[in-house]
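The lines below spell out each chain.
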Amino acid sequence: MKKSWLKLIAPLFAIALIGAACGGSDSDSESSSSSDTESSTETETETETETTEAPEAEDDVLEAGTEAEGDVDTEVEAVVEESSYGGDIIIGLEAEATGLRSWEDGCSSPCLVMMKAMIDTMVERRADGTYGPWLAKSWSSNEGYTEWTFELQEGVLFHNGYSFNAKTLVDMFELQKVGAISAGIVSAAKVAEVVAVDNYTVKYVLSGAHSAFPSFLYGVGLGGVFEPNAANEDFDGFSMNPIGTGPFMMDKRDLDNETIVVRNPNYWMSDGDGNQLPYLDSVAFRPIPDEGTRLDSLLSGTTNMMQTLRQGTIRDARAAKEDGADITLLEFQGNNVGGGMFNNSIAPYDDVRVRKGLTQMNNQDAVIEALGGTGISLPGSQWFSPDSPWYSEKAAAAWPNFDFDAGKALLAEYVNDPDRSDGRAVGDKIEVELSCPPDPTLILAMQVIEQLWSASGMVDVNLTNYDQQTHINYALGAPPDFNGSHGAHCWRWSSNDDPSTFLNTQFAPPTLGIAAAYGLDGIFSPINFPNYFDIEMFGWLVGAISTDAFEERYALYEMVMLRLARDVPVWYSGHTATLLAAESNILGVNGWLLPDGSLGAGFPSAVARWGQVFIQN
Amino acid sequence: MSESKDITGSPDANRPLGVDRGLHGTPHSNPTPAASNGNGRLSAVKEMPFLVKCALFWLIFIVFAAIYTRLDRLFGQALPLQDPFYQGFLFGGASPVEGPSLDHVLGTDILSRDNLSRLLHGAWVSLIVAITVISFGIVFGGLLGAFVGYARGRWETLVMAIMDVVLAFPPLVLLLALVAIYKVRSLPVIALVFGVLSVPTYVRIARANTLGVASREFVQAAEAIGTKRVWILFREIIPNILPSLFAYALINAGFVIVIEGTLSYLGLSVQVPEPTWGNMINEGRRDIRRTILPIFWPASFLTLTVVSLNMLGDWFQQRVAIRSSSL
Amino acid sequence: MGKILAARLARLVATLFAVSLLTFLLVEQLPGDPVTALLPPEALHDLETMERIRTELKLDDPALVRYGRWVTDALQGDLGKSYITDQRVADAIRDRIPITIELALLATVIAAVLAVPIGAFSAYREGGRFDRVLSGFTTAALSIPAFVAAIFFIWLFTLKFNWLPSTGWNRITDKGLLANLKTAVLPASALALAPLAINARLIRADMIGTLKEDYILSARAKGLRSRYILMRHALRPSSLTAITIFGLQFGALIGGTVVIETIFALPGLGTRLISGIYQRDVMMIQGITLFVATVYVVVNLFVDLLYLLLDPRIRRQ
């Protein structure tokens, strides 16, 4: 019994945790990566002055929020210019990648920019959100969605000369089963074994149906193809010198200063005209933690590209462009939404009036404004951004938006309730601990929220900052229940992958007890950090992986979002705006193609793909 | 606590001839006329050069401002002073990073809170740290140093060895490690840690001065007539070493205020939303391209306070030197 | 002489052991299980793995044994491995120490070189306007916190004038000396302000004293020009003081570059310590603290001994 929940938990953990705690990244970000990845924007709610008259300021803030462009993402469109070989690019990143082992080291947005230059994945995502071929040429499943067979690209070589074939994946799986990052994904995806059917055909056998399994092979954690012999030979060294099939190979690694990768002359992909990729000679990655400096480096020509997850920097970049800087701005928000959660298992957060009340007093627009993100970050209302195929207008409307009075009234109801769950006397203030990692934007955001909540006169807010590790540990808690000792805890939700990859793990039963109560023995998730469970919602989530009909799944996920809007276990403070800025003669970051000619997803979460990037003459 | 030990001009008896010739008052270094009878403290103030008077005035202003803000808090914001936590852009009344105006004399910060009020509230943190360090240093350090300087022997070796160990840690590194490991965020604890780390230099100064005083005729005379040593310690020795301890304390206070500013700049001091000069500078950095004002105010307050302490300390040292040299 | 040396060395060793013990104990008191920092969160419910790792790392041994092991390893240059980044602490230090050392060295040199003319000239024109202006400047320079000066320099030289880069570090081995200096001059200058002021005052005071000595008087009587006197006769006796001060400053700066490195995003020891602190990377914090303390103590001892050796009064014995 212990083993079974272990198997279920671990993956849930990895995925939800990773996707959640780190900065806007695709499914493989690990929480233990660099400290500066969070650019959370807290939900803003309008607040009025203590007097009864409605101040003009209120209107201003409302305006700022509602007039934010509906879709700030840069359009993904195919490259029309003619490509040319040669050139070197230097890109400024937000942080250094502490390790480059896709299955073992945490990797969020800045790290992925580096890793994906050397490590290819099995599948890639298309601009329309579907998954398409990359190292896997095609795939199919059996009727019950428990066996997935992949045909592999042939003639692919690793940087060290080894051949990529079915056996590679089998050997990789041995490492992925126990990898710090990948073990969780293996469990979430319920992969039981990987079988080589023939030289270029491999079968993933799942222990449970999952209609969207290929999406798990998009993230580098499970889908990143690394050379298993090299990994086994020098496990630690692989972190500094990863061997993959990617368009570039590791050349020099000077931690915290510069990492350089050079062209892989044996890259398996060619462009539509038969020219072998990549076009560039080399790419240099420079971790520049200071936001201003990273932008300066681009503007002054010291670097040719930069990446950021901070609204303030995006605003400065836009201003620079308006002033005449010759740069291209590739903005992306995506589903990743900053915010926080309540620990639904302890008082007073176990009462929906408190959760909803606090959320209604939270002014997302004000917080976004405080962080300088007005017009850059969109307020969040669900786990999908407006341009995601899963976005639901209904859910957006249902989310308890900023309404200070209504929130205050709800809190008053709780405070005056003689049976209030925190056991305090009628009229006593509610005690809230608001905790965020010591990220500069989060620290600002939490001060704004503290003011908003305190202004109601019914909340005593205590602010704390713990380093990211501790922050996560507080939310995690300890065995056997893993309830966590957090109260109101900064967090991030969602990713751009298939919703099942993060939702199912996030909202499985939080404790064994609850699981047993619903007859779901053994199915529990310690990484259900909010400790929130709704049996109906769980049913919808399970249903969504038993079918691959889009309309059916959409309807189910919409109901899930509506349920979240009703029960408010989490709150939002704006989608994570990301930016890749480049000198305007650098093309191919936007509009790269998959091997089957379809348009790729561009640059989600500011992760650039380097294979088709070129410098225009 | 002195990162540079003797560099800030404290005498060090471990150095055979003392590197103290420079700052520690040979009459040569003092261009103003020597010899004062220095009777009342008021006459001392009258003798101050104009700039030193300004420094004193600034320090008094800071102390009063800090106390005023705490009284204001005690009385629930009743006194005339803006709320340092009130974010105008939320509730009306201000917008972020405003310039000086009638309502907000020094403008607002990035969360549209009144700068002046935050500066004055932040003064309290610096004040508490400075006072704690001075008190700890003079009381514990002074006593300990005087004791071992007079008693000599094994006690002296032991205590000085311990002081060596504490001084061996680069203070900033040690503080960072402590704060990070123990996550201290409360002002009393932080001030206490500063205090403890400062003690060794006070001990050294006290000991050095005690060695000097103990060899003086009046002490030897007292010993000769059989006065109890404890009595000598408290009646003869300590009053004579206090002035130079105090002179050092002023300079040490400035140094410690800078260290606290550094810690809070890194976000490792008292918890937000408490304003401190250091974290105000940190918050101001985000918009540095557009305006230097949010940084300028806290930086100025910090610098002016430290300058004042240094000037006062220097002046005091000169007086101490003159007095002791004219004995 | 030899006896003094031996005594000092003994004290050094004793101090270092005490420092190492203190550092270790400090980290020992850390609340929380070190194994939880070691594993990624998703493995934290797996009690079997945690036990296995605990035994592997011998974390179950009594504190004294672990301390002994750490110290013996440290003496051989092995400061352990970071739980968070998997990097060997000694490697991290080795990678980053050149930057910190260059910074400290450059700052000390700037402070020393500029202080001599300032101090000398002030001494020469004691009481005059130049002297008073400079004395005001030194008081101010002494009082501005280094990190405030750094931010101001960035604002002035990078944002307003765009003369120098505000972050990053060009290694000499990579890009040559000139590029390296471009990235080093701002941080080093910010660090040099306070030592510069102190040195200037010390040199001034010392020189004033020396200038009043008899042999200077006789040189003047001989008709030698003032400037000549200044350079040949007055400067030298003061250099002894100066050298010891510079040495002490360099030692102090090794541990004092932390904030400056953070502001300028330099890949030095200070930023590694800070990121270790933010990540609660205890092995790194422990290792760097011990290393910096050791350097500090050794440099101080070296300066002490140098002073002893060079002081003419002792040498004459």
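Above this note sits the structure.
Residues numbered from 1 in each chain as written. Chains lettered and ligands numbered in written order. Predicted model: local features only at pLDDT ≥ 70, side-chain atom pairs only at ≥ 80, totals over all residues. Heavy atoms only, no water.

Concerning the overall build of chain A
Link 1 in the chain: A count of helical and extended segments in chain A gives 19 helices and 20 strands.
Link 2 in the chain: By the burial criterion, 65% of the 617 residues in chain A qualify as buried.
Link 3 in the chain: Across chain A, contacts joining residues at least 24 apart in sequence account for 73% of those joining residues at least 6 apart.
Link 4 in the chain: Of the roughly 19,300 Å² of accessible surface on chain A, 48% is carried by carbon and sulfur atoms. (Helix = DSSP H or I, 4+ residues; strand = E, 2+ residues; numbered from the N terminus. Buried < 20%, exposed > 50% of the residue type's maximum accessible area, 1.4 Å probe, protein only. Contact = heavy atoms within 4.5 Å. Areas by Shrake-Rupley, 256 points an atom, 1.4 Å probe, with all protein chains shown as cover.)

Observations concerning the nonpolar core
Link 1 in the chain: Membership of the largest hydrophobic core comes to 154 residues, with the highest contact counts inside it found for L176(B), F194(B), I281(B) and I263(C).
Link 2 in the chain: If you tally residues by element for this core, the top one is helix α9 (residues 229–265) of chain B, at 16 residues.
Link 3 in the chain: Listed in part, the 85 residues of the second largest apolar core include V123(A), I185(A), Y218(A) and L330(A). (Core = buried A, V, L, I, M, F, W, Y, C linked by side-chain atoms within 4.5 Å.)

Let's talk about the pattern of salt bridges
Link 1 in the chain: Applying the stated rule across the entire model yields 37 salt bridges over all chains.
Link 2 in the chain: Among the ionic pairs, K81(C) bridges to D236(A), the shortest N-O distance being 3.3 Å. Taken together, the residues K81(C) in the loop between α4 (63–75) and α5 (89–124) and D236(A) in the loop between α7 (228–233) and β8 (248–254) connect one chain to another.
Link 3 in the chain: Using a relative accessible area of 42% as the deciding quantity, one classes D236(A) as partly exposed. (Salt bridge = Lys/Arg side-chain N within 4 Å of Asp/Glu carboxyl O.)

Notes on the packing of aromatic side chains
Residue and element names in this part refer to chain A.
Link 1 in the chain: Under the defined criterion, the tally for this structure stands at 53 aromatic pairs over all chains.
Link 2 in the chain: By way of ring pairs, the aromatic residues W139, Y145, W148, F150, Y204, F213 and F216 are connected into one cluster.
Link 3 in the chain: Directly above the aromatic system of Y218 lies the positively charged group of K116, at a separation of 5.4 Å from the ring centroid. (Phe/Tyr/Trp six-rings, centres within 6.5 Å; stacked < 30°, edge-to-face > 60°. Lys NZ or Arg CZ within 6 Å of the ring centre and 35° of its normal.)

Quick word on unusual backbone geometry
Link 1 in the chain: Here L277(A) and P278(A) are connected by a cis peptide whose omega angle stands at 0 degrees.
Link 2 in the chain: For P278(A), the position within the fold is in the loop between β9 (258–263) and β10 (282–287).
Link 3 in the chain: Of the consecutive residues A347(A) and P348(A), the connecting peptide bond is found in the cis state with omega at -5 degrees.
Link 4 in the chain: With respect to the element layout, P348(A) can be found in the loop between β13 (337–342) and α10 (352–360).
Link 5 in the chain: Residues other than glycine seldom take positive phi values, yet S605(A) does so here, at roughly 55 degrees.
Link 6 in the chain: Look at R152(B): it is not a glycine, yet its phi comes out positive at around 55 degrees.
Link 7 in the chain: For R152(B), a relative accessible area of 39% gives the class partly exposed.

Observations concerning helix α8 (residues 291–300) of chain A
Link 1 in the chain: Among all positions in α8(A), only E291(A), T293(A), R294(A), L295(A), S297(A) and L298(A) are buried.
Link 2 in the chain: G301(A), located one to two residues past α8(A), shows a positive phi value of around 90 degrees.

What about the side chain of T262(B)?
Link 1 in the chain: For T262(B), the position within the fold is in helix α9.
Link 2 in the chain: Setting aside residues up to four positions removed in sequence, T262(B) forms contacts with L172(B), F147(C) and V259(C).

Regarding the sheet that holds strand β6 (residues 191–198) of chain A
Residue and element names in this part refer to chain A.
Link 1 in the chain: Pairing in this open sheet of four strands is antiparallel, and the strands run β4-β5-β7-β6 from one edge to the other. Of all strands in the sheet, those bounded by a partner on one side alone are β4 (136–141) and β6. The sheet shows a mean angle of 20 degrees between the axes of neighbouring strands, direction not considered.
Link 2 in the chain: Judged from the five bridges that link them, strand β5 (residues 147–152) and strand β7 (residues 201–206) form a sheet pairing that is antiparallel. Residue pairing in the sheet places T149 in a bridge with K203 of β7.
Link 3 in the chain: This element, helix α4 (residues 166–178), spans β5, β6 and β7 of the sheet and lies at about 160 degrees to β6. (Pairing = 2+ DSSP bridges. Axes fitted to C-alpha atoms, helices over the stretch in contact; angles between N-to-C directions.)

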